[in-house]
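Reading the structure
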Amino acid sequence: MAQTDTMILNMGPQHPSTHGVLRLELELDGEIVVKATPHIGYLHTGFEKNMEYKTYHQCIPYTDRMDYLSTVSNNLAFTMAVEKLLGLEVPPRAQCIRVIWAELNRIGSHLVWLATQALELGAATPFLYAFSEREKILDLFEMASGVRMMTSYSRIGGLMADLPAGWIEKLAEFIREFPARVDEYETLLTKNPIWLKRTKGVGVLSGADALRYSLSGPNLRASGVNWDIRKQSPYLLYDQFDFRVPVGEVGDTYDRYLVRMIEMRESTRLIDQAVRVLPAGPVRSDNPKVVFPEKERIKESMEDLIHHFKLATEGFSPPAGEVYFSVEGPRGEMGYYIVSNGSNMPWRVRVRPPSFLNVQAIPFLISGKMVPDVIAIVGSVDFVLGEVDR
Amino acid sequence: MADLLKCPLAERERVVGKGRAQVIIELTKGFWLTLRRLFSAPITIQYPEEKRPSVPRARGLHRLERHENGLERCIGCGLCAAVCPAQCIYLEAAENTEEARYSPGERYCRIYEINEFRCIFCGYCEEVCPVDAIILGPQMEFSKGNPKDFIYNKERLLVPLKSKGELPASKDAGSRSSSGLVASPMS
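Notes on the structure follow.

Conventions adopted
Residues numbered from 1 in each chain as written. Chains lettered and ligands numbered in written order. Predicted model: local features only at pLDDT ≥ 70, side-chain atom pairs only at ≥ 80, totals over all residues. Heavy atoms only, no water. Pairing = 2+ DSSP bridges. Helix = DSSP H or I, 4+ residues; strand = E, 2+ residues; numbered from the N terminus. Axes fitted to C-alpha atoms, helices over the stretch in contact; angles between N-to-C directions. Parallel < 35°, antiparallel > 145°, perpendicular 65-115°, else oblique. Left-handed = near helix turned anticlockwise from the far one by under 90°. Contact = heavy atoms within 4.5 Å. Nonpolar A, V, L, I, M, F, W, Y, C, P; charged D, E, K, R; others polar. Buried area = accessible area lost by both parts, 1.4 Å probe. Salt bridge = Lys/Arg side-chain N within 4 Å of Asp/Glu carboxyl O. Polar contact = N/O pair within 3.5 Å; in protein donor to acceptor, adjacent residues only side chain to side chain. Disulfide = S-S within 2.5 Å. Buried < 20%, exposed > 50% of the residue type's maximum accessible area, 1.4 Å probe, protein only.

**Here we look at the sheet that holds strand E1 (residues 7-11) of chain A**
Hydrogen bonds between backbone groups are what pair the strands of a sheet, and the pairing can be parallel or antiparallel. All names here are of chain A. The antiparallel open sheet is built from three strands, whose spatial order is E1-E2-E3. Two strands close off the open sheet at either side, each with one partner strand: E1 and strand E3 (32-39). Each neighbouring strand pair of the sheet contributes to a mean axis angle of 25°, computed without reference to strand direction. Judged from the five bridges that link them, E1 and strand E2 (residues 23-29) form a sheet pairing that is antiparallel. Counterpart to Ile 8 in the pairing with E2 is Glu 27.

**Re the packing of helix H5 (residues 124-145) of chain A against helix H6 (residues 167-189) of chain A**
All names here are of chain A. For the pair H5 and H6, the least separation of the axes is 10 Å and the interaxial angle reads 165°. Regarding the angle of H5 to H6, the classification is roughly antiparallel. Here the hand of the crossing between H5 and H6 comes out left-handed. Together, Thr 125, Pro 126, Tyr 129, Ala 130, Glu 133, Lys 136, Ile 137, Asp 139, Leu 140, Met 143 and Ala 144 of H5 and Trp 167, Lys 170, Leu 171, Phe 174, Glu 177, Phe 178, Arg 181, Glu 184, Tyr 185, Leu 188 and Leu 189 of H6 make up the contact between the two elements. The residue inventory of the contact of H5 with H6, partitioned by class, reads 14 nonpolar, one polar and seven charged.

**Some details on the interface of chain A and chain B**
On the chain B side, the residues contacting the 72 residues of chain A number 56 residues. Here chain A meets chain B over a buried area of about 5,400 Å², counting both sides, of which 56% is carbon and sulfur. Joining chain A to chain B, the criterion identifies seven salt bridges. With a closest N to O distance of 2.7 Å, Glu 142 of chain A and Arg 52 of chain B form a salt bridge. For the interface between chain A and chain B, the tally reads 22 residue pairs in polar contact (both at pLDDT 80 or more). Elements supplying a minimum of two residues to the side of chain A that touches chain B: helix H2 (56-64), H5, H6, helix H7 (193-199), helix H11 (253-277), helix H12 (295-298) and helix H13 (302-314) of chain A. The element that contributes the greatest number of residues to the side of chain A that touches chain B is H5 of chain A, accounting for nine residues. Of the residues contributing to the side of chain A that touches chain B, the split by class is 33 nonpolar, 15 polar and 24 charged.

**Points about the sheet that holds strand E3 (residues 107-115) of chain B**
All names here are of chain B. With antiparallel pairing, the three strands of this open sheet are ordered in space as E2-E3-E5. Every interior strand has two partners, whereas the edge strands, strand E2 (89-95) and strand E5 (151-152), have only one. Pairing between E3 and E5: two bridges, direction antiparallel. By the bridge assignment, Asn 115 is partnered in E5 with Ile 151.

**What to know about the state of the cysteines**
Chemically, a disulfide is nothing more than a covalent bond linking the sulfur atoms of two cysteines. Residues and elements named next belong to chain B. This model, assessed by the stated rule, comprises zero disulfides over all chains. Cys 77 takes part in no disulfide bond, and the closest cysteine sulfur, belonging to Cys 129, lies 6.2 Å away. Lacking any disulfide linkage, Cys 80 is separated from the closest cysteine sulfur, that of Cys 77, by 6.2 Å. The exposure class assigned to Cys 80 is buried, which follows from its relative accessible area of 10%.

Geometry only, nothing functional implied.
Next up, the structure:
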């Protein structure tokens, strides 16, 4: 019997379906993947190390740039970790707005996932539809923060600024229309025979394996494990809102798709509830040692001006200690582990990255599969390379 | 994981696309949707002929503001350079004299440089400026051929004086500072 040689095929780093610059080294036996090795690091920027040389306020814009599709949950995890370290209370209005932003960001991130996943499997229409909806979310972000993606809207002790006039109305318009848009995506995909053939039973991941690979977020839930940090250890106001956590049954690409579709609907409901209870009041806590005073005040009060100068030049020094705080990001558990030695800069910042762990499961998922399925599976686990490499 | 409550995917039938009739029905639904969308108004903007309107809080290219009498607002305190996470601002302050007066107070900014290559447009400089001198404007398009052109010095950043005696072009300086880049209850 003739011995056949395997072939090495590099998928990426410039492959359109690797969502960034991931190089997958595939060892192929014909059309079957024998072994897959992800090579990461092309986007390494040293964020974690950089943050050791920045004051806590200065770290916030860095967190945006890791997972550039879920900037809000990055900001949120970091700022809330620092707030936990400081024992700082955040006003209820700021908390409520943070919930709205986090859920908007989840929808936006899932829309990008849906768009790219559909495009990679040959459906170009959902791509255009999803991006046109995401545009509205980015417009909302831009209206309140001034930029579309790197918002840095969540700050230590509150928010960058209050919502501008007319924002809530624009948001209400979006959440009124959005469920119909999700229906459209589902019309195009959920029962589409080609979509079913490409996704059903492809890349099955059991709940035990998902836990073994430390997966979190939609990937873990699609595998049948009901684990959502918003439910398990509620932060912000999540315990006051009514929302369901979708859990898959099979753990295949199709379940990962369905879970994200339902999450988008549940996020819309969450935003709707949060808007209804949005309290009035300040959006920053009133702690002049940590939080920048309002700009009008520094023009009148000498004491506030001194605090302002001190904060801008030196920052603040939290007590020595360590803290871990995680939020449920669109891709999974987004956590920050911060060690403070009592100085004005973190001694160490470690990110618990959902994308990195998602990439870790890829070799297991695609070994023994056909090459066309590689695209479907790699896309379905949803990762952003900026956060994998950091 | 027995303690974790398990709720199955929301009431959702899981149709496997088998049977030719089912295939045709589902494909027709999809095509019907795209056909309907074909007749809806396009949302595409014909950039660059047509541009998106900028928002009041836009964080684009910096500018240095002037007072209404034409004097520079910047007093060279250096807070912007200190807070900048990307360390892209360099400035040197100097004393105003009776012969050469640049800003109302004692000190003015002699050298002010922003490396727009390094800048990440976080807007911290604008937020911390105690005299509302540095503003991030709506200008987002300033690509250039020469990398050296991205180091903006004070002359390029300052809002130009139109002519002597005329009010300078700091048209919305006052409205911007109260428009919400600092935390102020607005609505």
